[in-house]
Amino acid sequence: MTDPHPTLLQLSLLGGASFREVTQLLGDLSWAEASAPHAGLPRTLADVIWHLSVTQRASLNIASGRADGWPDDLNVWPPAPLTEPDFTAALADLLAGLPEAQALARDPSSRARDVLTDLAVHSAYHWGQVALLRRLTGTLPAGAGA
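The structure contained in this document is the topic of the report that follows. (Residues numbered from 1 in each chain as written. Predicted model: local features only at pLDDT ≥ 70, side-chain atom pairs only at ≥ 80, totals over all residues. Heavy atoms only, no water.)

1. Details of the packing of aromatic side chains
Aromatic ring pairs are defined here through the distance separating the ring centres and the angle between the ring planes.
And step 1. Enumeration over the complete set of coordinates arrives at one aromatic pair.
And step 2. Taking the centre distance of 5.7 Å and the plane angle of 40 degrees together, the rings of Trp 31 and Phe 87 count as tilted. Within this pair, whereas Trp 31 is found in helix α3 (residues 31-35), its partner Phe 87 is found in helix α5 (residues 84-106), the two being separated by 56 residues in sequence.
And step 3. Above the plane of the ring of Trp 77 lies Arg 43, whose end atom (NZ or CZ) is 4.1 Å from the centre. (Phe/Tyr/Trp six-rings, centres within 6.5 Å; stacked < 30°, edge-to-face > 60°. Helix = DSSP H or I, 4+ residues; strand = E, 2+ residues; numbered from the N terminus. Lys NZ or Arg CZ within 6 Å of the ring centre and 35° of its normal.)

Below, the structure is given as structure tokens:
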């Protein structure tokens, strides 16, 4: 984060206010860890990362004006088990979208603010899942959670 005075919206999108920064939560996340199933849970970490990537990309397209609305046919969860290349691509897109989200949140239009606020709230829910799953497996990076 390069902005010397980030807004609450920027911090809510990237972490650093109410939860650790996203890049810290994802530190050293491997395919083996991301794809491992957890007893009693319907999703893997890879599924959650894929979901975050898809919803972030759609939201950024709307907030930036590249799209008028949410795509009707968008699958927000993986339609089939992910492969390592699927996961790697989703993780890269998710990380690439974070600076765009920060830039859009610096001085957003009313529509962008609404979309980005929804994205921040939605994502915070799933970042909590990421942190909890990583804590349960003993892989949450130091300093990435309370």
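2. Let's talk about the side chain of His 126
And step 1. With respect to the secondary-structure elements, His 126 resides in helix α6 (residues 110-136).
And step 2. Within the structure, His 126 has its side chain in polar contact with the side chain of His 122 (distance 3.3 Å).
And step 3. At 2.6 Å, the side chain of His 126 and the side chain of Gln 129 are in polar contact.
And step 4. Every residue in contact with His 126, bar those within four places of it in the chain, is listed here: Val 48, His 51, Leu 52 and Trp 77. (Polar contact = N/O pair within 3.5 Å; in protein donor to acceptor, adjacent residues only side chain to side chain. Contact = heavy atoms within 4.5 Å.)

3. A word on the environment of Val 48
And step 1. Its place among the elements puts Val 48 in helix α4 (residues 45-64).
And step 2. As a C-alpha pair, Val 48 and Pro 78 span 30 residues in sequence and 9.1 Å in three-dimensional space.
And step 3. Each residue touching Val 48, except ones within four places of it in the same chain, is listed here: Arg 43, Trp 77, His 126, Gln 129 and Val 130.

4. Here's the deal with unusual backbone geometry
And step 1. For Asp 28, which is not glycine, the phi dihedral falls at a positive 60 degrees.
And step 2. With respect to the helices and strands, the residue Asp 28 is situated in the loop between α2 (22-25) and α3.

5. Details of the nonpolar core
And step 1. Of all hydrophobic cores here, the largest spans 36 residues; its most connected members are Leu 13, Leu 26, Ile 49, Leu 116 and Trp 127.
And step 2. Listed by contribution, the elements that provide at least two residues to this core are α1 (8-14), α2, α4, α5 and α6.
And step 3. Sort the elements by how many residues they give to this core and α4 lands first, with ten residues.
And step 4. Excluding residues within four positions of it along the chain, Leu 13 makes contact with Val 22, Leu 98, Ala 101, Ala 105, Leu 116, Leu 119 and Ala 120. (Core = buried A, V, L, I, M, F, W, Y, C linked by side-chain atoms within 4.5 Å. Buried < 20%, exposed > 50% of the residue type's maximum accessible area, 1.4 Å probe, protein only.)

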